[in-house]
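Geometric and topological summary
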Amino acid sequence: MSSSSAQNLNSKGPASYESGPIKLPRPADCMRDMHGGESHLPEVHTQMRDIKLRVVEALRHRPLVKAIAIDDQSTKLREDAFSLRENAEGTAYILDISVPDVSAFVAPDSAIYNEALRCVQSVRGRRLFPAELSHQVFGFRKLAPSPAITVSITIKKESSVIQSVQIQRTTLQLSQRLDWEMANDLIMNECDDPEEQKVAEQLRACLHLAENLLQNRIANGALEYFDPHSGLYIHPHNGIRNIRQEEASEFIVREFMLLLKQSIGTYALQHKIPMIFLDRPLKAGEKSPSIRDVRAVESDEIERTLARLQRRYEGQSAHVRGSSSCSMKHIGIGAFAAFSSPLRNLADAINQFSLMQEPGSKPLYDPGAMRQLAEYIDYMSKGALAKCA
């Protein structure tokens, strides 16, 4: 790619992506419509046929994981699922969170991968890969097995502290596919059907765990407020609500996705795996409110609490920072890696490729290349919150 081509592609972005350790595709390399159309490149269709055959073979040899997916009723592409169980001693929860496994089947130098690089996430909610792969092969469907990466997080019951994280390729089968309303109904009401009662009990245990995870984040600096007695929750952007009522299922999924990104980020730092982190830093000198600082009892005090939290968010902007810090202090997380949406967000897909390489193999991206990709994503998505550490 010539310097003039790089300038046309990124007229206001970093000076040149060509000078970095990797080569990013020219517009002519990818003919897929940026607003959701399908690819016209012959090699993409050839690669898709090959991927389908390899997925069928791989699913026969992977351990089977059954899980629950909760999302909006209109969602066609589901890419996260979870299940919760106790360990043998009954002293800890094991939370399995699964996302589609793209990295085992899409080659980093392939036409399909190059199209994903061009797509980034410039259109909100769009997918990186052709629908024939995203919806029919990688996306999670009820009763249809899908290739997945399952992150098993062992969490102490008494403190909700993470004890261990294990990552493996699995075959994912959805045992339940619920929308928000269905999940909330199971959580809040008694069920006559024995099978529904089992699902309801698991969801209630998930809600209890999610509340403990939230309290841990607040203790670590999150700019949020939670009253464990009433269920009252205050967030600067989302306002005031009771998370034990109509929004319980959304709260569970949000906390579990935050935990997934934290667990992957911490794992990557411990094992020195190059990764793209999400970064929305606080202004200097900010700190979170404590229970002593916030006593939301009367309605006017609740409103004042919300206003105070909102003020502490003012001035925060998404950008790439040059420091080695990758923490999200305002949500109480020390390492926050993109990972939960590999079919829609390029940073998540790239991190999956980096994380799931065979032990001892040469890193797919060295830190310099990963930093270049982070800058590319941040610019092309107009603030993807991407940075590299």
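See the structure shown above.
Residues numbered from 1 in each chain as written. Predicted model: local features only at pLDDT ≥ 70, side-chain atom pairs only at ≥ 80, totals over all residues. Heavy atoms only, no water.

Residue placement: Lys198 occurs in helix H6 (residues 194-219). C-alpha separation for the pair Lys198 and Leu186, spaced twelve residues apart in sequence, amounts to 9.8 Å. (Helix = DSSP H or I, 4+ residues; strand = E, 2+ residues; numbered from the N terminus.)

A word on the packing of helix H5 (residues 180-188) against H6. Between H5 and H6, the shortest axis-to-axis distance is 8 Å and the interhelical angle comes to 90 degrees. Viewed along their axes, H5 and H6 adopt a mutual orientation that is roughly perpendicular. Side by side, H5 and H6 meet where Ala183, Leu186 and Ile187 of the first sit next to Glu196, Val199, Ala200, Leu203, Arg204 and Leu207 of the second. In terms of residue class, the contact of H5 with H6 is made up of seven nonpolar, no polar and two charged. (Axes fitted to C-alpha atoms, helices over the stretch in contact; angles between N-to-C directions. Parallel < 35°, antiparallel > 145°, perpendicular 65-115°, else oblique. Contact = heavy atoms within 4.5 Å. Nonpolar A, V, L, I, M, F, W, Y, C, P; charged D, E, K, R; others polar.)

A few words on the side chain of Asn351. Here Asn351 lies in helix H9 (residues 346-355). Among the residues examined, Asn351 registers a relative accessible area of 0% and is labelled buried. One polar contact links the side chain of Asn351 to the main-chain carbonyl oxygen of Ile276, over a distance of 2.7 Å. What Asn351 contacts, discounting residues up to four positions off in sequence, is Met275, Ile276, Ala337, Ala338, Phe339 and Met370. (Buried < 20%, exposed > 50% of the residue type's maximum accessible area, 1.4 Å probe, protein only. Polar contact = N/O pair within 3.5 Å; in protein donor to acceptor, adjacent residues only side chain to side chain.)

Attention shifts here to H5. Among the residues of H5, Trp180, Ala183, Asn184, Leu186 and Ile187 are the ones counted as buried. Along H5, the residues classed as buried sweep out an arc of 160 degrees about the axis, all on the same side. Packing partners of the buried residues in H5 comprise strand E1 (64-71), strand E5 (162-179), H6 and helix H7 (248-270). Regarding H5, its N-cap is Asp179, as a side-chain oxygen of that residue lies 3.1 Å from the backbone nitrogen of Glu181 further along. (Arc of directions from axis to C-beta.)

A cluster of acidic residues, Glu181, Asp185, Glu190, Asp192, Asp193, Glu196 and Glu201, forms a negative patch on the protein surface. Along the chain, Asp193 falls in the loop between H5 and H6. (Patch = residues over 30% accessible without salt bridge, like charges linked within 9 Å, V, L, I, M, F, W, Y side chains within 5 Å. Areas by Shrake-Rupley, 256 points an atom, 1.4 Å probe, with all protein chains shown as cover. Salt bridge = Lys/Arg side-chain N within 4 Å of Asp/Glu carboxyl O. Lys, Arg positive; Asp, Glu negative; His and termini not counted. Charge placed at Lys NZ, Arg CZ, Asp CG, Glu CD.)

What follows deals with the packing of H6 against H7. Look at H6 against H7: their axes get within 9 Å of each other, and the N-to-C directions meet at 55 degrees. Comparing the axis directions of H6 and H7 gives the class oblique. Once H6 is placed against H7, the crossing between them reads as left-handed. Residue-level inspection shows Leu203, Cys206, Leu207, Leu209, Ala210, Glu211, Leu213, Leu214 and Arg217 of H6 in contact with H7, the latter providing Ala248, Phe251, Ile252, Arg254, Glu255, Phe256, Leu258 and Leu259. Counted by class, the contact of H6 with H7 contains 13 nonpolar, no polar and four charged residues. (Left-handed = near helix turned anticlockwise from the far one by under 90°.)

Using the criterion set out here, one finds five aromatic pairs in the structure. Consider the rings of Phe129 and Phe138, whose centres lie 6.4 Å apart with planes at 70 degrees: the pair is edge-to-face. Accessibility assignment for this pair places Phe129 and Phe138 in one class, buried. Stacked on the ring of Tyr93, the Lys or Arg Lys157 has its end atom at 5.3 Å from the ring centre. (Phe/Tyr/Trp six-rings, centres within 6.5 Å; stacked < 30°, edge-to-face > 60°. Lys NZ or Arg CZ within 6 Å of the ring centre and 35° of its normal.)

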